[in-house]
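Each chain is listed here by its residues.
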Amino acid sequence: MKEEHFLNKVFASSGITKDELKEIIPRYKQVTFQNNDYLLKEGQVEKSYWFIETGFIRSYIIDTEGNDITFNLYSTGDVVIDYPSMFFFAPTRENIQALTDLVCWEISFNDFQEMFNTITNFREQQRGLLVGCYFALKEHSISLIADQAKDRYLRLLKEKPQIVQNISLKHIATFLGITDTSLSRIRKEIASE
């Protein structure tokens, strides 16, 4: 039996019809990256974006003191994009890097734009992704200010356990706005409860 195409799963609950999928899926190309490869480096302009089929990615920035700070963590099914860079043709301030070997599905900006303007259900699905990314970013930003580190970790553990199980403590700690020593202490405290 033929296995269902990964992108069928991505678009399954979006209202996109089978006929629309026949137009959409060929616009994506499967690409692979090796561990530590960059999908995008600071200063480049985003020209495509990716759905992750397998593997893990992080986006990070270098702060004013030269520290490497994880800005976001991605895993299977996530869309990886720097929206301001792609849509405003601005150089990115982020670095997007593979944390494992990856299989992704990439679409170019031109193909994206054409389908966004001609396929209503695709446009609505993409708007939903954008809104979801915005809400997640806002929630994370507020959480860094208003929530205890332990609560931030517990939320990540609940919402994305695959991240906690597969990403280094150093990257998780900076994403949560804490040191890896503090994260180790929190993990020990939770394990002893």
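Bear in mind the structure is a predicted one, so any value in this text is a computation, not a measurement. Numbering of residues starts from 1 in every chain and runs along the sequence as written. Totals for whole chains, interfaces and linings use all residues, but because this is a predicted model, local features are given only for residues with pLDDT of at least 70 and pairs of side-chain atoms are given and counted only at 80 or more. As a rule here, side-chain values cover all heavy atoms of the structure and leave hydrogens and water aside.

Novice: Help me understand the pairing of strand β3 (residues 48–54) in this model?
Specialist: Strand residues, when the strand is regular, have side chains that alternate between the two faces of the sheet. Of all seven residues in β3, five are buried; the element is thus mostly enclosed. Between any two strands, pairing holds if DSSP finds at least two bridges. In this text, helices come from DSSP runs of H or I with a minimum length of four residues, and strands from runs of E with a minimum of two, each type numbered from the N-terminal end. With six bridges joining them, β3 and strand β8 (residues 102–108) adopt antiparallel strand pairing. The residue of β8 that forms the bridge with Ser-48 is Ser-108. Pairing analysis gives two bridges linking β3 to strand β6 (residues 79–80), with the strands arranged antiparallel. Between buried and exposed lies partly exposed: a residue is buried under 20% and exposed over 50% of the maximum accessible area for its type, with that area taken using a 1.4 Å probe on protein chains only.

Novice: Whenever I open this one, the layout of surface pockets confuses me. Can you help?
Specialist: If a probe the size of a water molecule is rolled over the atoms, the empty space left behind becomes visible. Taken as a whole, the largest pocket encloses approximately 1100 Å³ of empty space. Residue lining of the largest pocket: 36 residues in total, with Asn-72, Tyr-74, Cys-133, Ala-136 and Leu-137 positioned closest to the centre. Within the residue set of the lining of the largest pocket, elements represented by two or more residues are β4 (57–62), β5 (68–74), α3 (83–88), α5 (120–146), α6 (149–159) and α8 (169–176). Among the elements that make up the lining of the largest pocket, the one with the highest residue count is α5 (11 residues). Split by residue class, the lining of the largest pocket holds 19 nonpolar, six polar and 11 charged. Lining residues are defined by having an atom within 4 Å of a point belonging to a cavity or pocket. Those points lie on a 1 Å grid over the protein atoms alone, cavities being sets where a 1.4 Å probe fits but cannot get out and pockets being open sets with protein on both sides within 12 Å along at least five of seven lines. Grid points are joined across faces, edges and corners, and a volume is the space filled by probe spheres set on the points. When its volume is computed, the second largest pocket comes out at roughly 210 Å³. Together, 13 residues line the second largest pocket, and Tyr-83, Phe-87, Phe-112, Phe-116 and Leu-130 are the ones closest to its centre. Mapped by element, the contributors of at least two residues to the lining of the second largest pocket are α3, α4 (109–118) and α5. When residues in the lining of the second largest pocket are grouped by element, the largest group, four residues, is from α3. When residues are sorted by character, Ala, Val, Leu, Ile, Met, Phe, Trp, Tyr, Cys and Pro go into the nonpolar class, Asp, Glu, Lys and Arg into the charged class, and all the rest, Gly among them, into the polar class.

Novice: Even after reading the chapter, I still don't get the pattern of salt bridges, so can you show me in this structure?
Specialist: Opposite charge on two side chains lets them pair, provided their charged atoms get close. Any Lys or Arg side-chain nitrogen found within 4 Å of a carboxyl oxygen on Asp or Glu counts as a salt bridge. Within the structure shown, the criterion is met by nine salt bridges. Note that Arg-58 and Asp-68 form a salt bridge whose closest N and O atoms lie 2.8 Å from each other. Taken together, the residues span a long stretch of sequence, with Arg-58 in strand β4 and Asp-68 in strand β5 at a distance of 10 residues. In this structure, the salt-bridge partner of Lys-150 is Glu-193, at a minimum N-O distance of 2.4 Å.

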